[in-house]
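Take a look at the letters that make up each chain.
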Amino acid sequence: MPWMARLLTGISDIKKKGMDFTKVKVQKAICISASNIVKYQKQSTSYHISTIIEEALSKKNISCEIIDLREFTLMPCNGCDECCKYIRCGQDAEFNRIYEKAAGADYLFFVSPCCAPIPAKLSMLLEKIEKMSSLPRKKELDGGLRFGGILAGIISYGEVERKTPKDRISVALQEKLLRYKVMVNDIIAEAIGRINMRTVPYNSKWNTGIALPVGEDRNGKEQSYDPKLLEQEIRQYVEVIVQTSKSLHAIC
């Protein structure tokens, strides 16, 4: 099914729950900064990209909260099945906080480095969201999946080549970025697709978001292409997502 048709299906499901889009005054976004590197904190590439997203959304009158996974002590699912009884994770209060925030958003953004293939906390988060959202009782109470129809944007990033000019992306780097797409964007898109979230394509080639040549190399030296060009691409992707939402609301 074409991606637009899937998006329309998700919005239709939400309307069946009784949501009146004409009464929605302020849209909300959650941006998940997935880097695990503690020493950089808010100076990290992941958080910096998240702030660009936040600023771009604020100009659209869309509130955005950045969730830095380094600030949460998440636990992996151990199969205790307490979520079947209480409709929340019985072992992980930190996860429950994120889950409630994310489930109430209009947009979800994922900003993730490429690391074998995605950071551990992001993997745990996606696993438990899928588990919680697929509970039979949860579906009955909510009238469907809580994340159904939420639009998602995915931005991955990774190391760059030292010898490549900052104003030019080489063929080799393009191939590397496409690998980041496969290892990060496609995996996240597949995971959130299982809970009926809708990943918005950047274009026909980058159908699961964008990948950026930023971050650190193996020697720990920070590298980046022209920051203005990278910021422009991030803002363009945010614009695509917001315009997709407007188009869907107008159609529905």
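Quick summary incoming for the structure in this document. (Residues numbered from 1 in each chain as written. Predicted model: local features only at pLDDT ≥ 70, side-chain atom pairs only at ≥ 80, totals over all residues. Heavy atoms only, no water.)

Side note on the packing of helix H4 (residues 93-103) against helix H5 (residues 120-133)
Geometry of a packed helix pair, given as the angle between the helix axes and the separation of the axes. Contact geometry for H4 and H5: axes closest at 11 Å, N-to-C directions at 70°. Taken together, the axis directions place H4 and H5 in an arrangement best described as roughly perpendicular. The way H4 lies across H5 gives a crossing that is right-handed. Along its contact with H4, which presents Phe95, Ile98 and Tyr99, the element H5 presents Leu125, Lys128, Ile129, Met132 and Ser133. Residue composition of the contact of H4 with H5, by class: six nonpolar, one polar and one charged. (Axes fitted to C-alpha atoms, helices over the stretch in contact; angles between N-to-C directions. Helix = DSSP H or I, 4+ residues; strand = E, 2+ residues; numbered from the N terminus. Parallel < 35°, antiparallel > 145°, perpendicular 65-115°, else oblique. Left-handed = near helix turned anticlockwise from the far one by under 90°. Contact = heavy atoms within 4.5 Å. Nonpolar A, V, L, I, M, F, W, Y, C, P; charged D, E, K, R; others polar.)

As for H4
Phe95, Asn96, Ile98, Tyr99, Ala102 and Ala103 are the residues of H4 that are buried. Summarising the axial view, the buried residues of H4 lie within an arc of 165°, below the 170-degree limit, and thus occupy one face. In this structure aspartate 92 caps H4, since a side-chain oxygen of it lies 3.2 Å from the backbone nitrogen of glutamate 94. (Buried < 20%, exposed > 50% of the residue type's maximum accessible area, 1.4 Å probe, protein only. Arc of directions from axis to C-beta. Polar contact = N/O pair within 3.5 Å; in protein donor to acceptor, adjacent residues only side chain to side chain.)

Observations regarding the pattern of salt bridges
For the coordinates displayed, the defined rule picks out 13 salt bridges. A salt bridge links lysine 131 to aspartate 81; its shortest N-O distance comes to 3.6 Å. In this pair, lysine 131 sits in helix H5 while aspartate 81 sits in the loop between strand E2 (63-68) and helix H3 (82-86), placing the two residues 50 residues apart along the sequence. Note on aspartate 81: relative accessible area 37%, which makes it partly exposed. With its nearest N and O atoms 3.0 Å apart, the salt bridge here joins lysine 181 to aspartate 186. Among the charged side chains, a network of salt bridges with common partners joins Glu55, Lys59, Glu231 and Arg235. (Salt bridge = Lys/Arg side-chain N within 4 Å of Asp/Glu carboxyl O.)

What is shown is where atoms sit, not what they do.
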